[in-house]
Amino acid sequence: MNRSVVLIAFQPSASSEEVGAWFAAANAASGSAGVEATSVSENLPGSVGGGDAVWDLRTEGSLSGIPVVSELLRAPCLAAAEALELDVIASGYRELPGARIK
């Protein structure tokens, strides 16, 4: 399994309908061939990462080898998309039994 975060910037000329359709398609990609899970959300104004949205993906292979992801990353409403591969071990939260010492 691979875990990636994609920083998304939309074209300034993109309409709210185009952006909304892209968000819906990106969220609907979960369960598609090669995509285990996906979640996309808007960045808050002033976020350190910049961009307009953050797309979190868990995939079975490279992003470039997954047709639905490649298609969404080439959407005409996008100005830029920067994919950051995450360390799967460090990026997964697992609750452990027992008390915590702080």
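So, how was this worked out
Residues numbered from 1 in each chain as written. Predicted model: local features only at pLDDT ≥ 70, side-chain atom pairs only at ≥ 80, totals over all residues. Heavy atoms only, no water. Core = buried A, V, L, I, M, F, W, Y, C linked by side-chain atoms within 4.5 Å. Buried < 20%, exposed > 50% of the residue type's maximum accessible area, 1.4 Å probe, protein only. Helix = DSSP H or I, 4+ residues; strand = E, 2+ residues; numbered from the N terminus. Contact = heavy atoms within 4.5 Å. Pairing = 2+ DSSP bridges. Axes fitted to C-alpha atoms, helices over the stretch in contact; angles between N-to-C directions.

### Focus on the nonpolar core
At step 1: Ranked by size, the top nonpolar core spans 21 residues in total, and within it Phe10, Trp22 and Trp55 carry the most contacts.
At step 2: Listed by contribution, the elements that provide at least two residues to this core are strand S1 (2-10), helix H1 (16-28), strand S2 (35-42), strand S3 (53-59) and helix H2 (67-73).
At step 3: Ranked by the residues each element gives to this core, the list is headed by H1, at four residues.
At step 4: The contacts of Trp22, once residues within four sequence positions are left out, are Ile8, Phe10, Val40, Trp55, Leu72, Ala75, Cys77 and Leu78.

### Thoughts on the sheet that holds S2
At step 1: Read from one edge to the other, the open sheet built from four strands follows the order S2-S3-S1-S4, with strand pairing classed as antiparallel. At either end of the open sheet lies a strand with only one pairing partner, and these are S2 and strand S4 (78-86). Direction aside, the axes of adjacent strands within the sheet are offset by 20 degrees on average.
At step 2: Direction of pairing for S1 relative to S3: antiparallel, over a ladder of seven bridges. Bridging across to S3, Leu7 finds its partner in Val54.

By themselves, these observations are geometric and do not establish any function.
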